[in-house]
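Overview (structure and organization)
Letter by letter, the chains look like this.
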Amino acid sequence: MEDKQLTIMDLIVESHLGLERQGPGSSEITIKALSFLDSLDNISCAADLACGTGGQTMFLAQKISGNIIGLDICPDFIDTFNNNTKKLNLQNRVNGIVGTMDNLSFEKEELDLIWSEGAIDIIGFEKGLAHWNGFLKTNGYIAVTCPSWLTYEHPAEIEKFWTGAGSGLDTIGHNISIMQKAGFSLVAAFALPEKCWTENYFIPREVADKVLLEKYPGNKTVEDYIRENKYEVELYSKYKQYYGYVFYIGKKNKI
């Protein structure tokens, strides 16, 4: 790949491909979110939307005996995802496919569970819930993480950063209201702890970014990308009490 061909998306994929997680999270938080779901044995078909390489999906598969479909827009992530299922001997019931969150190809009311970590804000919390509702069975669950305000004070620097990233922040109360209007009963909502951002995401990503710098020395696109990543880390360190990812878990209402 020549320098002139590099795009930010190329760099996102290349730097995240080798990471266990492509965003903040942890196995402990996945366990906590799953603990709010009744009868995991009754989940026969689940989907992990924007699954990345499947770090959390493989963990879900340890707790859910049904079939799991991982979906991501990035073919490289899905290739790694499916290689991981084979390494773990899960390929008979866990499968990765290339697709987009806002145009799902599942059958109506096919799924018992829709899972999505750190991605629904890309298409919008309200839009995502409204679209995904139709693919869930009645009493099926939705479990998503979304960046949210944790306080009434909303620092302008954070507002600008997330809006510029295409993901404006809303309060937990507002998002709960949106979830209820979309046809779900709230089951739980809780914020991810700092470790999910720092140890599990920022630190591994920083290591991957250093590899990019060595691979593409003097490339402005790479330097700009890494500069923005460092700025995100600095903002979180400075303002982490004001915002964070929140897990929202809902249960589809009867019509």
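Let me sum up the structure you'll find in this document. (Residues numbered from 1 in each chain as written. Predicted model: local features only at pLDDT ≥ 70, side-chain atom pairs only at ≥ 80, totals over all residues. Heavy atoms only, no water.)

Our focus in this paragraph is the packing of helix α1 (residues 8-16) against helix α9 (residues 194-215). Interaxial distance between α1 and α9 falls to 9 Å at its minimum, and their mutual angle equals 115 degrees. Judged by the twist between their axes, the crossing of α1 over α9 is right-handed. Here Leu11, Glu14, Ser15 and His16 of α1 come into contact with α9, specifically with Tyr201, Arg205, Ala208, Asp209, Leu212 and Lys215. Its residues assigned to classes, the contact of α1 with α9 shows four nonpolar, two polar and four charged. (Axes fitted to C-alpha atoms, helices over the stretch in contact; angles between N-to-C directions. Helix = DSSP H or I, 4+ residues; strand = E, 2+ residues; numbered from the N terminus. Left-handed = near helix turned anticlockwise from the far one by under 90°. Contact = heavy atoms within 4.5 Å. Nonpolar A, V, L, I, M, F, W, Y, C, P; charged D, E, K, R; others polar.)

Across the 10 residues that make up strand β8 (residues 243-252), a large majority, nine, are buried. Where strand β5 (residues 136-149) lies against β8, nine bridges are found, and the strand directions are antiparallel. Counted as the bridge partner of Ala143 is Ile249 from β8. Bridge analysis of strand β7 (residues 184-191) against β8 gives seven bridges, and the strand direction is antiparallel. The residue bridging Ala191 from the neighbouring strand is Val246, located in β8. (Buried < 20%, exposed > 50% of the residue type's maximum accessible area, 1.4 Å probe, protein only. Pairing = 2+ DSSP bridges.)

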